[in-house]
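Listed below are the residues making up each chain.
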Amino acid sequence: MSEALKPVVLDHPLVRHKLTRLRDRDTSTAGFRRLTRELSLLLAYEATRNLTTCPKTVHVQSGLMEGEELDGKKLCFVSILRAGNGLLDGMLDLVPSARVGHIGLRRDHETLEVSEYYFNMPGDVPGRTCIVLDPMLATGHSAAAAITRVKAAGAQNPVFACLLAAPEGIRYMAELHPDVQVVTCAVDDRLDENGYIVPGLGDAGDRLFGTR
Ligand code: URA
């Protein structure tokens, strides 16, 4: 089996600054949402790094110039409900023409099995680059299940983008999907006994939607 791709960790002072604010438990719901949007735009920049381009000639002040444009392969952002929705706005700010798919997954607390309750994707997934979104890569079970599902729908070389990852989640993803590039703002220390990332930022869905 081929070696797993190493996660890409955004190494930038702006990212570290915004992430620290995001982790702060005193950050308001509105602030949390705004920071998530800003960070997801930066994540989108890195998650789209391997898009291919073709030559494009344009008229500039001094004559003609050969520039580049995206070669037409379209993007699809896939949100893992519900917290993945928090990453969509920033992603769509950067790539407004992208399509959006949604996957709803639930986890049986006893068997730890992941099952799907919702799946809605654009019809032309095989022609699109899919970027699967969830703010937290914790155990990796939901992320890996979502990737399995988008691959089954025909997605090639999907990417997984998150705000924070735990080493456990990275290892699980590498085991199941060594071909998937994980892009994250930081890799934290570990998971606690409830599956929360430490130090983490709490429950991303609750903080985004103000539900606790
Ligand atoms: N999901 C969250 O929202 N937070 C965690 O720390 C882990 C999973």
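Residues numbered from 1 in each chain as written. Predicted model: local features only at pLDDT ≥ 70, side-chain atom pairs only at ≥ 80, totals over all residues. Heavy atoms only, no water.

**Q** Even after reading the chapter, I still don't get the pattern of salt bridges, so can you show me in this structure?
**A** Oppositely charged side chains can pair when the atoms bearing their charge come close. Taken as a whole and assessed by the stated rule, the structure comprises 13 salt bridges. As a salt-bridge pair, glutamate 38 and arginine 34 come within 3.4 Å of each other at their nearest N and O atoms. Placement of both glutamate 38 and arginine 34 in helix 2 (residues 29–47) is noted, with a separation of 4 residues, approximately one turn of the helix. Note that arginine 37 and aspartate 89 form a salt bridge whose closest N and O atoms lie 3.7 Å from each other. (Salt bridge = Lys/Arg side-chain N within 4 Å of Asp/Glu carboxyl O. Helix = DSSP H or I, 4+ residues; strand = E, 2+ residues; numbered from the N terminus.)

**Q** Just to check I follow, could you spell out helix 2 for this structure?
**A** One turn of the α-helix equals 3.6 residues, which is why residues spaced by three or four share an orientation. Given a rise of 1.5 Å per residue, 19 residues ought to cover 27 Å, and the 26 Å separating the end C-alpha atoms of helix 2 matches this to within 8%. Where helix 2 is concerned, the buried positions are Gly31, Phe32, Leu35, Thr36, Leu39, Ser40, Leu43, Ala44, Glu46 and Ala47. (Expected span 1.5 Å × (residues − 1). Buried < 20%, exposed > 50% of the residue type's maximum accessible area, 1.4 Å probe, protein only.)

**Q** Is there a simple way to think about the pairing of strand 7 (residues 128–133) in this case?
**A** Both faces of the sheet carry side chains from a regular strand, because those side chains alternate between them. With 6 of its 6 residues buried, strand 7 lies for the most part within the structure. By the alternation rule, side chains of strand 7 split into Arg128, Cys130 and Val132 and Thr129, Ile131 and Leu133, which are all buried. With 6 bridges connecting them, strand 4 (residues 74–80) and strand 7 associate as parallel partners. Looking at strand 7, one finds that lysine 74 is bridged to arginine 128. Bridge count between strand 7 and strand 9 (residues 159–165): 3 bridges; the pairing is parallel. (Pairing = 2+ DSSP bridges.)

**Q** What is the right way to look at the side chain of aspartate 188 in this model?
**A** Within the secondary structure, aspartate 188 sits in the loop between strand 10 (181–187) and strand 11 (190–191). Classification of aspartate 188 by relative accessible area gives buried; the value is 7%. A polar side-chain atom of aspartate 188 sits 2.7 Å from a polar atom in the side chain of arginine 23. Among the polar contacts listed, one links the side chain of aspartate 188 to the backbone nitrogen of glycine 200, at a separation of 2.8 Å. (Polar contact = N/O pair within 3.5 Å; in protein donor to acceptor, adjacent residues only side chain to side chain.)

**Q** Quick question: what am I supposed to make of the site of the ligand here?
**A** Neighbouring the ligand are Met136, Ala138, Gly195, Tyr196, Ile197, Gly202, Asp203 and Ala204. In the environment of the ligand, an oxygen atom lies 2.7 Å from a nitrogen or oxygen atom belonging to the backbone of isoleucine 197. Between the ligand and glycine 202, the relevant distance is 2.8 Å, taken from a nitrogen atom to a main-chain nitrogen or oxygen of the residue. The protein chains hide 82% of the 240 Å² of surface that the ligand would expose on its own. Here the residues of the shell around the ligand sort into 5 nonpolar, 2 polar and 1 charged. (Near = heavy atom within 4 Å. Areas by Shrake-Rupley, 256 points an atom, 1.4 Å probe, with all protein chains shown as cover. Nonpolar A, V, L, I, M, F, W, Y, C, P; charged D, E, K, R; others polar.)

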